[in-house]
Structure formats: C-alpha cells, structure tokens
Amino acid sequence: MTLPEDFIRETRQAMGEALFGRLMEGLQEEALVSIRVNERKAAHPPYLIPHSSPVPWCPTGYYLDRRPAFTFDPLLHAGVYYVQEAASMFVDHVVRTLMGQYGCRFSRCLDLCASPGGKSTCLRAALPEDCTLYSNEPIRPRAQVLNENILKWGHPDVVVTNNYAIDYQKSRMQFDLILTDVPCSGEGMFRKDPQAVSEWSLQKVKECQQLQRDIVSDIWPCLKPGGILIYSTCTFNTHENEENVLWIARELGAEFINIPIDPSWGITGSLTDDIPIYRFLPGISKGEGLFMAAVRKTSSIPPPSTASKEGGLRILSHGPLPPQQKGKDLIPDVSEALSINNKEKYARVELTWQQAIQYLRKEAITLPPDAPRGIVMVCFEGHPLGFAKNIGNRANSLYPQEWKIKTTHIPTDYEPIIR
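Residues numbered from 1 in each chain as written. Predicted model: local features only at pLDDT ≥ 70, side-chain atom pairs only at ≥ 80, totals over all residues. Heavy atoms only, no water.

Asks: Would you mind going over a nonpolar patch on the surface in detail, with residue names and values included?
Replies: Residues Ile139, Tyr164 and Ile166 make up a contiguous nonpolar surface patch of about 260 Å² in total accessible area. By secondary structure assignment, the location of Tyr164 is in the loop between strand E7 (158-161) and helix H7 (165-171). Of the residues examined, Tyr164 reaches a relative accessible area of 48% and is grouped as partly exposed. (Patch = residues over 30% accessible without salt bridge, like charges linked within 9 Å, V, L, I, M, F, W, Y side chains within 5 Å. Areas by Shrake-Rupley, 256 points an atom, 1.4 Å probe, with all protein chains shown as cover. Salt bridge = Lys/Arg side-chain N within 4 Å of Asp/Glu carboxyl O. Helix = DSSP H or I, 4+ residues; strand = E, 2+ residues; numbered from the N terminus. Buried < 20%, exposed > 50% of the residue type's maximum accessible area, 1.4 Å probe, protein only.)

In structure tokens:
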C-alpha cells in the first residue's frame, strides 16, 4: 500500500513516531472479518460459530478466522447475523454504559447517517425494547440499502427515513440520543478500500471537517437538553475528530462523557489533550480505524418556530411493509416474513440449502408434494427467508428482484457460519 506523503507527514506529526509506526505496521496486515449475531433470531448464547473468537466490547460480536462466502449463506439473508467491522460494534458498549452506569433513559433515538445499517442494527440490539429508533440516510440509493438491511434485521420499532439533517430540524422532532456517524475522509478504511487511499487529500480533510460541523449544527436542535450525541468517524486525523468534538462542546454547548474501557482492548485516547475519546487503530486494536466520543447537551436551543411537523419526513418503512395486490392475489411483503414478530398465518415450508439459494436467486423451486398450495413462507433451518407461491409442479419465488443473489458462481457445498 502506497500512502500519500501528506497523510504520512500529518499522521506522524499527530501521533508521534512510536504510535505512527505501529499504525503503519497494522495497515500492512490483512483486515479482520467479524459478524454480529441477531439475538432475536438466533438461538440463545453460547452460539456455535466455528473458527471464531469474541469481540470483547460487544456481547454478540465475533471475529472469524477467515472470510466465508457470506452471499451464499441463507442465514445472512434471513437476518440471523450481520457482517460488521468489529470497531464499529463499540457503539454497543457506549450505549449500554450510558444506560447502565449513567442511568440514561432512551425512548426515541436517531442514527442520522446510517447506511448500510451496521451501527443501526447494533443500536437496536442495545436499546430498550420500547425505544423507537429512527434510522436515516440522506442519499437515496444508500437509503434503499439501509432499508433492506433494517427489514432483514426484523425489529418492528425502527423507522427508516431518507432525509437530510436540516429536514429533521424542520420536523421539530426531539431525540434522547443521536448518533452522527458523519461522512469523513476515510483514513480508517485504507487497508480495506484502495479507493479511499486514492481519494484522500488534505483538501478533502478540510472539506469533511466543515461538512461534519454543518451536519451536527443542523441536527443539534433535535437533541433534547441533557440528551446524548455520539460523534463518530472512520478516520484518524485530529481535524475531523478532536478538533470537531471540542468545537461541538464549545460552540454548541456540551460536556464530555467518560466511557470506561478495558486496557486490553487497545483503544487509543486523545492525541491532543485529555478529553475522553476512543480511537481504534489497526495494529493496536482489533478492528479498522474508528473514532468515537459521547457528549451530553448542556445548551437549550429550541427548534425553529416556523418548522413543519414530523409528517414531512420521507419514511421508507416502519416495521413490515404492507401486502400488495397483484392480479387476484394479495402478495405479502418479504419484510413480514423477516420480522421478529411474524405471525403464523402462513404455512411454513423448510428448504434445503440448494433450494434456498435458488429461491434467493429468484428462481422457481419444487416443494414437497404435501406442501399447501398458494402463498407459503419458505424457511432455511427454521428461519424465514420470504414467501413463495406454490402452484403444485413448482413454487414461484416472491423474493424482491432488487435483493436477489445475482452472481452465477455458486459453491458446491454449504459452509455454515453460525448454528
């Protein structure tokens, strides 16, 4: 990996020679592979996950010792687990600490820049059951990916929206907790994404720093006085990290919250002062690059009085989507099958691995002779995948066209990842 000279110079100056050297070694190592289990769908722990070790800051996170062919595991599509970079799972520890040690009560929360959905599903698992999570992505194609992953995760109390921070400000909604995993220069993704290296520049860092401040400023009125903002990036530099959270505290009005951590986790503190921040560095902590800080709002900035009501938000889903009429048939949406609250109003038919892959490729399958005719819920290892219409000699896949497995290179055997 050839890194930009400006990045090397700036990072060495900020970190010092020893820390910088360890980071450079880490960037040459192979990226780790990790998953997070959906406890509402998988069997109760301990899970049987071959060739794995636990992620210490997330009770449902696991490192794998190799990268399987995730695409061809039906349980991924069923929402039984999520493939997520381990450092990003730290939000689980932060939220559970806020609720446990600090007694924070969260009833309505927002993940502002949520695509593809890793931190949102992690948040949903850590938050109280009666809490409503708004999971938002401003860019339309990315919002569709987010919606797919949220619907597969299956928790009904997640509202997926496609809006900008200023739209939320105009909605006058108020939140107890807001996660701002803001767009950044992407230094933390260097060893996973060569494009992140080629696109990096000092100018981009400067532009990202300003964009991050704009986003937080726009959403700040939506945070209740005394509410918690979790600020996060996947970059190393102090301009987008320490300088920005200090700016939030000074200009918007906030105090830092200390989140206790285990020294064995290898999390690095502030590079500029003694404020409580949490930086993951490849080669030091077991994950990709991540920065996170939690602050409590001390100011009282009301939403604009001329704003519209919350109905103005562009909502993509709030739990399972409704069925659609197609000809004479009322076709249930796949999200109804994937919901953790799916009702037993449809007959369930178990598929083999080969059949499940055919179904997820939106190909017709043949069900057992005793399978009922009409709409059935098809499952793999007891976990619903979606619906099919059984007409006897074949069953037509009702899996969404935009979700289907497109690759034609299919393994000969099933490699279980979680049991």
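Asks: Can you explain the pairing of strand E3 (residues 61-64)? Please cite residues and give values.
Replies: Judged by which residues are buried, E3 turns out to be covered on both faces: Gly61 and Tyr63 on one side and Tyr62 and Leu64 on the other are all buried. As paired strands, strand E1 (residues 33-37) and E3 are joined by four bridges and run antiparallel to one another. Bridged to Arg36 within E3 is Gly61. Bridging between strand E2 (residues 52-54) and E3 involves three bridges; their strand directions are antiparallel. Bridge assignment links Pro54 to a residue of E3, and that residue is Tyr62. Following E2, the chain reverses through six residues before pairing antiparallel with E3. (Pairing = 2+ DSSP bridges.)

Asks: Can you explain the packing of aromatic side chains? Please cite residues and give values.
Replies: Tallied over the entire structure, the rule returns 16 aromatic pairs. With a centroid separation of 6.4 Å and an interplanar angle of 40°, the aromatic rings of Phe7 and Phe236 are classed as tilted. Taken together, the residues Phe7 in helix H1 (residues 5-15) and Phe236 in the loop between strand E9 (223-233) and helix H10 (242-253) connect sequence positions 229 residues apart. Note on accessibility: Phe7 and Phe236 belong to one class, buried. (Phe/Tyr/Trp six-rings, centres within 6.5 Å; stacked < 30°, edge-to-face > 60°.)

Asks: I'd love a proper account of the nonpolar core, names of residues and values included.
Replies: A general trend in soluble globular proteins is that nonpolar side chains are found buried together. Residues Trp57, Phe90, Phe106 and Ile230 are the most contacted members of the largest nonpolar core, which totals 41 residues. Elements represented by at least two residues in this core include exactly helix H4 (90-100), helix H5 (118-126), helix H6 (140-153), E7, strand E8 (175-181), E9, strand E11 (278-280) and strand E12 (290-297). Here this core gets five residues from one element, more than from any other, and that element is H4. When sequence neighbours within four positions are dropped, the list of residues in contact with Trp57 reads Tyr63, Ala86, Ala87, Met89, Phe90, Asp92, His93, Trp265, Phe280 and Lys286. (Core = buried A, V, L, I, M, F, W, Y, C linked by side-chain atoms within 4.5 Å. Contact = heavy atoms within 4.5 Å.)

Asks: I'd love a proper account of the packing of helix H9 (residues 202-219) against H10, names of residues and values included.
Replies: Any two packed helices are characterised by how steeply their axes cross, that is the angle between the axes, and by the distance between the axes. Across the interface, H9 lies against H10 with an axial gap of 11 Å and an inter-helix angle of 35°. As for how H9 packs across H10, the hand of that crossing is right-handed. Across the interface between the two elements, Gln209, Gln212, Arg213, Val216 and Ser217 from H9 touch Glu243, Asn244, Trp247, Ile248 and Leu252 from H10. (Axes fitted to C-alpha atoms, helices over the stretch in contact; angles between N-to-C directions. Left-handed = near helix turned anticlockwise from the far one by under 90°.)

Asks: Could you give an account of the layout of surface pockets, naming the residues involved and the relevant values?
Replies: As a volume, the second largest pocket reaches approximately 400 Å³. Around the second largest pocket sit 17 residues that line it, and Leu76, His77, Glu148, Asn149 and Lys152 are the ones nearest its centre. Where the lining of the second largest pocket is concerned, the elements lending two or more residues are helix H3 (74-77), strand E4 (81-83) and H6. Broken down by element, the lining of the second largest pocket gets its largest block of residues, four residues, from H6. Partitioned by chemical class, the residues of the lining of the second largest pocket number eight nonpolar, four polar and five charged. (1 Å grid on protein atoms, 1.4 Å probe; cavity = no way out; pocket = protein on both sides within 12 Å on 5 of 7 lines; lining within 4 Å. Points joined across faces, edges and corners; volume = space filled by probe spheres on them. Nonpolar A, V, L, I, M, F, W, Y, C, P; charged D, E, K, R; others polar.)

Asks: Could you give me a rundown of helix H12 (residues 353-360), with the residues and numbers involved?
Replies: Taken across its eight residues, H12 has six buried, putting it largely inside the fold. Taken together, the buried positions of H12 are Trp353, Gln355, Ala356, Ile357, Tyr359 and Leu360. Contacts from the buried residues of H12 go to H3, strand E16 (348-350), strand E17 (374-380), strand E18 (383-390) and strand E19 (395-397). Lys362 sits one or two positions beyond H12 and adopts a positive phi of about 65°.

Asks: Please set out the sheet that holds E1 residue by residue, giving values where relevant.
Replies: Strand order in this open sheet of four strands is E2-E3-E1-E4, and the pairing throughout is antiparallel. Lying at the two open borders of the sheet, with one neighbouring strand each, are E2 and E4. Direction aside, the axes of adjacent strands within the sheet are offset by 30° on average.

Asks: Give me the pattern of salt bridges: which residues, what numbers.
Replies: Opposite charge on two side chains permits pairing when their charged atoms draw close. Across all of its chains, the model carries 19 salt bridges by this definition. Here Glu129 ties to Arg40 by a salt bridge, and the two come within 2.8 Å at their closest N and O atoms. Placement of Glu129 in the loop between H5 and strand E6 (132-136) and of Arg40 in the loop between E1 and E2 is noted, with a sequence separation of 89 residues between them. The class of Glu129 is partly exposed, set by a relative accessible area of 46%.

Asks: Could you give me a rundown of the side chain of Thr268, with the residues and numbers involved?
Replies: Residue placement: Thr268 occurs in the loop between strand E10 (254-256) and E11. Not counting the four nearest positions on each side in its chain, Thr268 is found in contact with Leu19, Ile277, Tyr278, Arg279, Leu281 and Ile284.

Asks: Please provide a residue-by-residue account of the state of the cysteines, values included.
Replies: Within this structure, the stated rule accounts for zero disulfides. Here Cys208 stays free of any disulfide, with the sulfur of Cys184 as its closest cysteine sulfur at 6.4 Å. Overall, Cys208 belongs to the buried group, its relative accessible area being 8%. (Disulfide = S-S within 2.5 Å.)

Asks: How would you sum up H10? Please name residues and give values.
Replies: In this model, H10 (12 residues) spans 16 Å end to end at C-alpha, consistent with the 16 Å of a helix rising 1.5 Å per residue. Every buried residue of H10 is listed here: Glu242, Asn244, Val245, Trp247, Ile248, Ala249, Leu252 and Gly253. Its buried side turned inward, H10 meets H9, E9, E10, E11 and E12. (Expected span 1.5 Å × (residues − 1).)

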